[in-house]
Amino acid sequence: MASRLGTIRLWLLLALLSPTLGAAGADTWRSFHGDARNSGFTSCDAPFDSLLDWSYVTSDSIGTASPVVGPDETIYIGNADKELVAVSFWGRLRWTFRGEGNFRSSTPAIASDGTLYVGGADGRLYAIGPDGSRKWTFLAHGGIRTSPNIGEDGTIYFGCDDGRLYAVNPDSTRRWVYATADTIRSSPAIGPDGTIFVGSYDGHLYAIWPDGSLRWSAATGGKIKYCSPAVSEEGNVYIGSYDGFVYAFSSDREFLWAYFTDHVVRSSPAIGPEGRIYVGAGDRLLALDAEGHLEWDYSTGGTVISSPAYWGDDDVIGFGSTDGVFYCLHEDGGTDWTFTVGEPILSSPAASCWGNIYIADSGGTLWSFGAGTTDVDPVLVATAPGSIDLRPNPTRGWVELRSRGARPLPERILVHDASGRRVTSLATGGQAQIAWDGSDRRGVRLPVGIYYVRAPGRESASHLMLIR
Amino acid sequence: MHAGHIKRGIGERAWRARGGWIPAVLGILAAGCGVDVHDGVGPRIPMPNVRGTITRQSGGADDVDVELRDAATAEVIAETQTDPDGAFTFADIPAGRWEVKASGEEEGDFDSISWQFDLGGADSTAVIPDLDLHAYAARLDDPPADVRMDSPTPFQPVQFRFTLPEAMRLLEWARVQCFRSQGSTVWESTKATANEVTWNGVASEGDDAGRLIPAGEYYWRVKVRFSDGMEARLERRNLIFE
């Protein structure tokens, strides 16, 4: 009983001291490419390295459907077995939803009330409660192999094999449809002024007003198949086409530039700082400047269909390739780290503000990188004694880390804040003791609070209190 | 049968003389030091190792210019004409990837046809399948020749239409190509399977790649590839963007 009371007191203390617990859910990756603009940009921290937390094997293959992250850090992804799974931050299955059509190409979108919307190849848009229960379905006139997007007023937009862009109210009633001349496999993006952008097999990029009327359309020279538009904060829209070009338009119908990649473009562009664009074409990831000039390219051993993501705080780009490798690059095109999953990756990575990257491969496995949380439960982290001795503790900054029993320290030591988010990773060089100055990975002094210090993969942690 | 001559090397013009092997050999012997001699084996006779036939529908096409080009660089390394049966040969062609290209000269011909092939070396022989120069009334439709129109943009693209009759051999794809009046390519469409291609005016080749083309005179044509590997080009047509 005493131990249980101690745990409760500790969690109350953590709740008061945690600087990030509330904020962690505010910037999660809730729809395809992270936000309503499909920007692929996140201000969350990127993982430091290729440290694998866990992998979760779903029941079937996963195509371009990508993981999304709920406010409680639950990860959602669908597969070809008509299943949508919810997996916890710790890699454990929370629930499985079974639909009537496969979800291998549709990334779910999470509404503010936690409802998930996902398209099925059976032509149904599914609304699923945060507990995995079916709320309603909306039947379109063709398979849905695109990712829904949610407007500020809660309207759900999705493209369909029948060539129509649908707008559906949160109560499952149809608001409007806009018919293009061919199949839609491109996922809509929503601009800052509410304009909806979508590409079609008919080769056009469409800009649709929120009332369903055409604002403008622009012809590319090939089909727009799987590439989804990305919209910048200024309203510029970027799209790739099967004519081999990546195009940039302003929201008010102005051609800005085009870059000829010499390959069909299936990957969706991500928007980095200063208007830079990152997109896959052929076997390469391309970095284009704001004027559409090539800054650098990075070759992989396969085709880059995966849509890249950009971590703004760390200036790294993550994407997969059909060579079965997940790549994390620096902003100058150098390799930060890679991880071989062994199956082609068509899916786009999802960012977590708890410091993780989630990526799915076509073999149906969901992978989590970054925070080193293998089989660690937050309660265990908070209660089990750690193997690392910390002195002084509490500390105002500098602390000495020493292995209990005079053994060498593990090669790497992880430091988490009270919410479980990893704040830094310390290389020990296999020494018996090291000193740490109490700063995070960027050298910024950490705020006052409780921190957990542990070895990767261990279900125990030493508690450190930083004071001023 | 006309044997092709390699554009570089010694005595090649002599070998091109019509009349068959015997006069050619006598000519080589008479030329003395002009021949290519292998020590101990006597004069070396160029050996045709690339053969083919150009036809118009089913009959042989006589006196058609045929070029042998480097498939990668399009450099012409040998040229010849077909005999009355439409046959042609090239001799002593080294290993590599090559393209045979024949130019249409009569009404109803393609502008040109071509075939690419790999050759293992001078000891190997390549037999090109019959290449049909007849265009079966394939034609460019729109825009008509000499037309003036606004320069295309993504918001006002130009539509190229053409007719590829079903009587032609099985079509794999068609591409529309657009050139400056000086001849440099500014754009090539993706592989189309329909008789209609849209262009938004964005250049894919040259210095203007990625930008809208400036006003001026341009040419367009259609290049087609058949399922057996032969490629053919329809005549060029001009148009003026303002």
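Residues numbered from 1 in each chain as written. Chains lettered and ligands numbered in written order. Predicted model: local features only at pLDDT ≥ 70, side-chain atom pairs only at ≥ 80, totals over all residues. Heavy atoms only, no water.

A. Molecular detail of the overall build of chain A. Looking only at helices and strands, chain A has two helices and 40 strands in total. Expressed as a percentage of its 468 residues, the buried residues of chain A come to 62%. Contacts in chain A between residues at least 24 apart in sequence constitute 48% of all its contacts with a sequence separation of at least 6. With an accessible surface of roughly 16500 Å², chain A has 49% of that area assigned to carbon and sulfur atoms. (Helix = DSSP H or I, 4+ residues; strand = E, 2+ residues; numbered from the N terminus. Buried < 20%, exposed > 50% of the residue type's maximum accessible area, 1.4 Å probe, protein only. Contact = heavy atoms within 4.5 Å. Areas by Shrake-Rupley, 256 points an atom, 1.4 Å probe, with all protein chains shown as cover.)

B. Here's a closer look at the overall build of chain B. Broken down by element type, chain B carries two helices and 21 strands. Looking at the 242 residues of chain B, the share that counts as buried comes to 45%. For chain B, restricting intrachain contacts to residue pairs at least 6 apart in sequence, the fraction spanning at least 24 positions comes to 62%.

C. Here's a closer look at the interface of chain B and chain A. With 11 residues of chain B in contact, the opposing surface of chain A contributes 17 residues. Here chain B and chain A share an interface that buries about 1100 Å² over both sides, 66% of which is from carbon and sulfur atoms. Three residues, Pro154(B), Phe155(B) and Thr190(B), lead the burial of chain B against chain A; their summed loss comes to 46% of the area buried on that side. The interface formed by chain B and chain A holds zero salt bridges in total. Counting across the chain B and chain A interface gives four residue pairs in polar contact (both at pLDDT 80 or more). (Buried area = accessible area lost by both parts, 1.4 Å probe. Salt bridge = Lys/Arg side-chain N within 4 Å of Asp/Glu carboxyl O. Polar contact = N/O pair within 3.5 Å; in protein donor to acceptor, adjacent residues only side chain to side chain.)

D. Just the environment of Glu205(B), in detail. Residue and element names in this part refer to chain B. Locating Glu205 in the fold gives a position in the loop between β18 (196-199) and β19 (216-226). The sequence separation of Glu205 and Pro46 amounts to 159 residues, and the corresponding C-alpha distance is 41 Å. The contact partners of Glu205, leaving out residues within four places of it in the chain, are Thr185, Val186 and Trp187.

E. Representation of the environment of Asp437(A) within the structure. Residue and element names in this part refer to chain A. Residue position: Asp437 is located in the loop between β38 (433-436) and β39 (449-454). Sequence-wise, Asp437 and Leu116 are 321 residues apart; in three dimensions their C-alpha atoms are separated by 43 Å. With sequence-adjacent residues up to four places away left out, Asp437 is seen in contact with Gly397 and Trp398. Engagement of the side chain of Asp437 in a polar contact is seen with the side chain of Ser439, the distance being 2.6 Å.

F. Representation of the packing of aromatic side chains. Residues and elements named next belong to chain A. For the structure on display, the rule yields 39 aromatic pairs over all chains. With a centroid separation of 5.9 Å and 10 degrees between ring planes, the pair formed by Phe41 and Tyr310 is classed as stacked. Remark: Tyr310 occurs in strand β27 (residues 309-311) and Phe41 occurs in strand β1 (residues 41-42); sequence separation between them is 269 residues. Exposure remark for Phe41: the relative accessible area of 32% places this residue in the partly exposed category. (Phe/Tyr/Trp six-rings, centres within 6.5 Å; stacked < 30°, edge-to-face > 60°.)

G. Inspection of unusual backbone geometry at higher detail. Residues and elements named next belong to chain A. Here the bond from Arg391 into Pro392 is cis, since omega is -5 degrees, no more than 30 degrees from zero. Within the fold, Pro392 resides in the loop between β34 (388-391) and β35 (399-403). A cis amide bond links Asn393 with the next residue in sequence, Pro394, at an omega value of 0 degrees.

H. Summary view of a negative patch on the surface. Residues and elements named next belong to chain B. On the surface, Asp62, Asp63, Asp65, Asp85 and Glu105 cluster together into a patch of negative charge. The topology assignment puts Asp62 in the loop between β5 (59-60) and β6 (65-70). Given a relative accessible area of 41%, Asp62 falls into the partly exposed group. (Patch = residues over 30% accessible without salt bridge, like charges linked within 9 Å, V, L, I, M, F, W, Y side chains within 5 Å. Lys, Arg positive; Asp, Glu negative; His and termini not counted. Charge placed at Lys NZ, Arg CZ, Asp CG, Glu CD.)

I. Layout of the confidence of the model for chain B. Residues and elements named next belong to chain B. When pLDDT is averaged along chain B, the result is 83; 80% of the residues meet or exceed 70. pLDDT under 50 marks residues 8-37. Its contacts with residues more than four places away, or in other chains, come to 32 contacts. Scored as a complex, the prediction yields pTM 0.78 and ipTM 0.73. (pLDDT = per-residue confidence, 0-100.)

J. Representation of the side chain of Arg284(A) in the model. Residue and element names in this part refer to chain A. Along the chain, Arg284 turns up in strand β25 (residues 284-288). Judged by relative accessible area, which is 17%, Arg284 ranks as buried. The residues contacting Arg284, other than those within four sequence positions of it, are Thr261, His263, Val279, Asp297, Tyr298, Ser299 and Val304.

K. Geometry of the layout of surface pockets. Of the pockets and cavities examined, the largest pocket occupies roughly 780 Å³. Lining of the largest pocket is provided by 34 residues; of these, Gly221(A), Gly222(A), Lys223(A), Thr190(B) and Lys191(B) occupy positions nearest its centre. Mapped by element, the contributors of at least two residues to the lining of the largest pocket are β17 (185-188) and β18 of chain B. If you tally residues by element for the lining of the largest pocket, the top one is β18(B), at three residues. Residue composition of the lining of the largest pocket, by class: 10 nonpolar, 13 polar and 11 charged. What the second largest pocket holds in volume is close to 600 Å³. As for the second largest pocket, its lining consists of 28 residues, of which Ala36(A), Asn149(A), Ile150(A), Gly151(A) and Glu152(A) are closest to the centre. Only β7 (109-110) and β11 (149-150) of chain A provide two or more residues apiece to the lining of the second largest pocket. Grouping the amino acids of the lining of the second largest pocket by side-chain chemistry returns 12 nonpolar, nine polar and seven charged. (1 Å grid on protein atoms, 1.4 Å probe; cavity = no way out; pocket = protein on both sides within 12 Å on 5 of 7 lines; lining within 4 Å. Points joined across faces, edges and corners; volume = space filled by probe spheres on them. Nonpolar A, V, L, I, M, F, W, Y, C, P; charged D, E, K, R; others polar.)

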